[in-house]
Amino acid sequence: MIAETLVLHASDFIEWLDASGPQALARRTLPARDLDVRITQGPSDLKLIHKTAGTALWRWEPEELGLLVDGEATPADLAPPDEALYPLAGEVRDRKGLFLPRHFAFDAGGRVGRRLRLFRSPLGTRFGPAGGLHGCTTLDDGTPIPWVLLTLRVTPPLAEPLDFIAQSDGRGEFRLSLERLPSLTRDAPAQTYPATLTLQAAADGTDPDSLPAVQVRGTSSGGGAFKTELAVDIAPGRISTLASPGRDALVLRLS
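The structure contained in this document is the topic of the report that follows. Residue numbering note: each chain is counted from 1, following its sequence as written. For this predicted model, a pLDDT threshold of at least 70 governs which residues receive local features, and a threshold of 80 or more governs which side-chain atom pairs are given and counted, while totals over whole chains, interfaces and linings are taken from all residues. With hydrogens and water stripped out, all remaining heavy atoms of the structure feed into the side-chain values.

## Regarding the side chain of Asp 12
Among the structural elements, Asp 12 can be located in strand β2 (residues 12-18). Each residue is assigned to one of three classes by its accessible area relative to the maximum for its type, calculated with a 1.4 Å probe on protein chains only: buried under 20%, partly exposed between the two thresholds, exposed over 50%. His is not counted, nor are the chain ends, whereas Lys and Arg count as positive and Asp and Glu as negative. We define a salt bridge as a side-chain nitrogen of Lys or Arg found within 4 Å of a carboxyl oxygen belonging to Asp or Glu. Buried within the structure, Asp 12 lacks any salt-bridge partner; Arg 114 is the closest side chain of opposite charge, at an N-O distance of 5.1 Å. Beyond its immediate chain neighbours, meaning those up to four positions away, Asp 12 contacts Thr 55, Ala 56, Leu 57, Ala 108, Gly 109, Gly 110, Arg 111, Val 112 and Gly 113. For the purposes of this entry, the term helix denotes a DSSP run of H or I that reaches at least four residues, the term strand denotes a run of E that reaches at least two, and both are numbered from the N terminus. For this analysis, residues touch if any pair of their heavy atoms sits within 4.5 Å.

In structure tokens:
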């Protein structure tokens, strides 16, 4: 016989995802216990509980989030109460430095759950047999641009396009793994695959979910050199530098 039942409802939940590399794969959830999460905006009664699958947001208000029910709880007792949304902002860092730090901001309290992306640092990126790309993101004068999000779409012959994503670190340096990129066949008509690169960046681009698209320098001269995307050739199995034509870095123009 159940004398009483304690019913607790989380206000919301955050999953931290490894978003680097090939995008066709299911994303790996990072253990929240390995991360340092700091809240910069949120209600005073908010508490973070870090679990293997993510971070639970617990609040003491409203009172209906925690109930002590006489006897066995009914389905009505287990139903989560309505809660007003509240702004939540903060930053997260990986203690080991394998993932880049990021800021985040969203309205919490709806119990819909959030999936926030973290991107591997150059230290945390490993190149396998499929190869990869490395480089640096800068302005035209060589000033590094940090936290740039790079999306590479590769189109192998007779296969669907594959998307790969990486982010540059605080010095503008990046490593992009081409894991799962198919190797060339013996009778391949060319030794490279065509690809297009698009980039997102901002002067203070520490939240990868809010970065606007920017232009990248291509082969033309003058103002026409900057385009919304850069065409590149990808050689499977090689580790190559990814840069604007005639430059030693990817040269961007911020909006």
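## Structural notes on the sheet that holds strand β5 (residues 35-41)
Only strands joined by at least two bridges in the DSSP assignment are considered to pair. With antiparallel pairing, the 3 strands of this open sheet are ordered in space as β5-β9-β10. A single partner strand is all that each edge strand has here, and the edge strands are β5 and β10 (102-108). In this sheet, neighbouring strand axes are inclined to one another by 30° on average, regardless of whether the strands run parallel or antiparallel. Bridge analysis of strand β9 (residues 86-94) against β10 gives 7 bridges, and the strand direction is antiparallel. Interaxial angle, 0 to 180 degrees, is taken between N-to-C directions of lines fitted to C-alpha atoms, where a helix line uses only the stretch in contact.

## Regarding the pattern of salt bridges
Evaluated as defined, the whole model comprises 15 salt bridges. Between Asp 207 and Arg 102 there is a salt bridge, and its shortest N-O distance comes to 2.8 Å. On the criterion of sequence distance, the pair formed by Asp 207 in the loop between β16 (193-200) and β17 (213-217) and Arg 102 in strand β10 is long-range, its members being 105 residues apart. Like Arg 102, Asp 207 is buried. Between Asp 209 and Arg 117 there is a salt bridge; the shortest N-O distance is 3.0 Å. Of this pair, Asp 209 sits in the loop between β16 and β17 while Arg 117 sits in strand β11 (residues 114-118); the two residues are 92 residues apart in sequence, bridging distant segments of the chain. On the basis of relative accessible area, Asp 209 is assigned to the partly exposed category, the value being 42%. By relative accessible area, which is 23% here, Arg 117 ends up partly exposed.

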